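A structural walkthrough
Listed here are the chains, written in short residue letters.
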Amino acid sequence: MDLSFLGTTLSDHPISRSLYDASNTLSNFQFLSKDNMDNEVCITFPKIHDKREDVERDYYDRIPRLINQMALDRKMPEIKVLKKGAYFAIWGQSRPQLVPPLASAWAERKGKTFFIDGPGWANPKDEILADYPKDITTEVEGNFVGFSSSFPINYGHLIHDHLPVVAWLISIVPPTTRFILHYDPDEFGNAVAQQVYGAVDPSFLNRVLWVKYNEVVHVKNGELTVIIPDKVPTYMGTSFMKPLRKWLTTNHPDYVNNPNRDHSNGIIIYYTRANAANGLHGRVVEENHERQIINHIRLAMARHGRKEHLHIFNGYHNGKPVSIDEQLHLFRSATAAIGPHGSGLANMIWFDFKRAGSSCDERPKLLEFVAGLDSQIQHPVDGQYLGYNFLFRGLPIDYHNILYASQSTPTTTYIHLEALDLALDDMWGGRSQEI
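What you are looking at is a predicted structure, and each value in this text was computed from that prediction instead of being measured. As a convention, each chain's residues are numbered from 1 in the sequence order in which they are written. Residues qualify for local features only when their pLDDT is at least 70, as the model is predicted, and side-chain atom pairs are given and counted only at 80 or more; totals for whole chains, interfaces and linings, by contrast, use all residues. Think of the side-chain values as coming from all heavy atoms in the structure, minus any hydrogens and water.

Working definition: helices are DSSP H or I runs of at least four residues, strands are E runs of at least two. Numbering for both runs from the N terminus. Note on placement: T413 falls in strand β22 (residues 412-413). Exposed residues in this analysis have more than 50% of their type's maximum accessible area, buried residues have under 20%, and partly exposed residues fall in between, with area computed by a 1.4 Å probe over protein chains only. The class of T413 is buried, set by a relative accessible area of 1%. Whenever two N or O atoms come within 3.5 Å, that pair is a polar contact, provided that in protein one can donate a hydrogen and the other can accept it, and provided that, for residues adjacent in sequence, both atoms are side-chain atoms. Separated by 3.4 Å, the side chain of T413 and the backbone nitrogen of V285 make a polar contact. T413 has contacts with R283, V284, V285, E286, H289, I377, Y404 and S408, leaving out every residue within four places of it along the chain. Here, two residues are considered to be in contact whenever any of their heavy atoms come within 4.5 Å of each other.

Moving on, we come to the packing of aromatic side chains. Any two rings among Phe, Tyr and Trp, with Trp reduced to its six-membered ring, count as a pair given centres within 6.5 Å; such a pair is stacked if its planes are under 30 degrees apart, edge-to-face if over 60, and tilted if neither. Taken as a whole and judged by the stated rule, the model has 15 aromatic pairs. Arranged with centres 5.6 Å apart and planes meeting at 50°, the rings of Y197 and F204 form a pair that is tilted. Taken together, the aromatic side chains of F179, Y197, F204, W210 and W247 make up a single cluster linked through ring pairs.

Here the focus is the sheet that holds strand β16 (residues 309-313). Pairing between two strands is assigned when DSSP locates at least 2 bridges connecting them. With parallel pairing, the six strands of this open sheet are ordered in space as β3-β21-β20-β19-β14-β16. The open sheet has two free edges, formed respectively by β3 (47-48) and β16, since each of these has just one partner strand.

With that settled, the discussion passes to the nonpolar core. Throughout, nonpolar core names a set of buried Ala, Val, Leu, Ile, Met, Phe, Trp, Tyr and Cys residues whose side chains join them through atoms within 4.5 Å. Counting 55 residues, the largest nonpolar core has W247 and W350 as its most contacted members. Listed by contribution, the elements that provide at least two residues to this core are α4 (155-172), β10 (178-182), α5 (192-200), α6 (241-251), β14 (267-271), α8 (324-332), β19 (334-340) and α9 (388-391). Ranked by residue count, the leading element in this core is α4, at ten residues. Those residues within four positions of W247 in sequence are excluded, and the remaining contacts are L163, V166, A167, I170, Y197, V200, D201 and F204.

Before going further, it helps to examine helix α10 (residues 417-427). Spacing of three or four residues puts side chains on the same side of an α-helix, whose turn is 3.6 residues. Burial of α10 is extensive: eight of the eleven residues sit out of reach of the surface. Those residues of α10 lying buried are L417, A419, L420, D421, A423, L424, D425 and M427. Those residues of α10 that are buried lie in contact with α7 (287-303), β19, β20 (365-370) and β21 (398-403). Backbone geometry just downstream of α10 places G429 in the positive-phi region, at approximately 110°.

Turning to the sheet that holds strand β5 (residues 86-91), a few remarks are in order. Taking strand neighbours across the sheet as the criterion, the five strands line up as β7-β6-β5-β12-β8 in an open arrangement whose pairing is mixed. Whereas interior strands pair on both sides, the edge strands pair on one side only; in this sheet they are β7 (112-115) and β8 (137-141). Across the sheet, the axes of successive neighbouring strands diverge by a mean angle of 25°, strand direction being ignored. What counts as an axis is a line fitted to C-alpha atoms, over the stretch in contact for a helix, and the angles between N-to-C directions run from 0 to 180 degrees.

One can find Q327 in helix α8. For Q327, a relative accessible area of 6% gives the class buried. At a separation of 3.0 Å, a polar atom in the side chain of Q327 contacts the main-chain carbonyl oxygen of V322. Residues contacting Q327, with those up to four places away along its chain left out, are Y155, F313, V322, N347 and W350.

The subject of this paragraph is the pairing of strand β12 (residues 216-221). In summary, the side chains of a regular strand alternate between the two faces of the sheet. Bridge count for β5 against β12 is three bridges, and the pairing is antiparallel. By the bridge assignment, F88 is partnered in β12 with V217.

Along the polypeptide, E78 turns up in strand β4 (residues 78-82). C-alpha separation for the pair E78 and I227, spaced 149 residues apart in sequence, amounts to 5.4 Å. In this structure the side chain of E78 is engaged in a polar contact, spanning 3.1 Å, whose partner is the side chain of K80.

Turning next to the pairing of strand β13 (residues 224-228). In terms of burial, β13 is largely enclosed, as five of its five residues are buried. Every second residue of β13 is oriented toward a common face, with L224, V226 and I228 on one face and T225 and I227 on the other, all of them buried. The pairing of β4 with β13 spans five bridges and is antiparallel. Bridged to K80 within β13 is V226. Judged from the two bridges that link them, strand β9 (residues 144-146) and β13 form a sheet pairing that is parallel. Within the sheet, the bridge partner assigned to F144 lies in β13 and is L224.

Between α4 and α6, whose axes approach to 8 Å, the crossing angle comes to 80°. It follows from the interaxial angle that α4 and α6 lie roughly perpendicular. Here α4 contributes L163, P164, V166, A167, W168, I170 and S171 to the contact with α6, which in turn contributes M241, P243, L244 and W247. An angle counts as roughly parallel when it lies under 35 degrees, as roughly antiparallel when it exceeds 145, as roughly perpendicular when it falls between 65 and 115, and as oblique in every other case.

Okay, unusual backbone geometry next. Positioned with a positive phi, K110 is a non-glycine residue whose angle comes to about 55°. Relative to the helices and strands, K110 resides in the loop between β6 (102-109) and β7.

Printed below as a string of structure tokens:
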């Protein structure tokens, strides 16, 4: 397809002037930037694979505007430090949860209450909190960070709404500062937050004071640090990704240099939501159609001489949820992940980004099925085309999208197999001779 029309669309867009050379074709739209680990990382637009020119045109018209609205770094959160005697609490019920979530940080001085105000924060005496108990008080000493965000027991939201912010906070506070974070088991009884943070850095767990909803923490002799974001959740396209990458790299060896890896040539992951831990959220690919998809992936791997092992992942193994640590090591060994939008693909955060180098050629690849104009599926935030490239914008991942087909519903989905073949051929080096 002729993509010359993209020159005008992208070059006229404010983000395009600094990031892209509008004279290039889309496949060359990329830039290298230094991160705080003195590595060059390659950041590119996601690519759509679809034979319909009107769909491609609409996608490439919308994506720059959506990235500008959602994925580029906004104003960094404001840091506030409350002196000794401050209080902190995260309000809510296990189910349903407050959306947006609310927390309070406040101090009592001479009979008056001084409290943090802004997105995600509430006056502890606000009537909206009248039904929440406040009689459980934990007294602590020392310096603390208090943090909360959306859906703290949901694995996907912990990965993209919590973990990057905590990594950034770790990078700006002294190593002796402790953290107040929410604890509540999920519907399976798993302590998801502890597993996520423990998988990244087991030693960090020693710095955490875990609290449940409505548990008031009184920081008696020390400072309480909190942040006021411009919105909740507080994701940042690149700024939070840099300290997160550093945190991960510090605590985990490169997969390519790990002699204990399970598959010497790496793996390619297909994520299925059938029988998945979060399958109740819908977007399950129809069973017979999914077998066709997996067969097309196998054929493409043979066509392009891919030596990796194809691993089918749904979050379970032998009827039990796969541990977070196992998911980390699984995705760290992957060269590519393919599948429908969902928390299972949020595991891309564990990719081994040392593969990327500075040429962009060896970046891990993600092919994500997302909502388009002609399906009944709507992204819960802002409609069509939205995928993880917006949340993990600062990671060196080669992003690709294909759209759900028109017969897809919020519960059962289909894709165009021709589009899948186009995407796989592009990801793995252009169309090669059929075998």
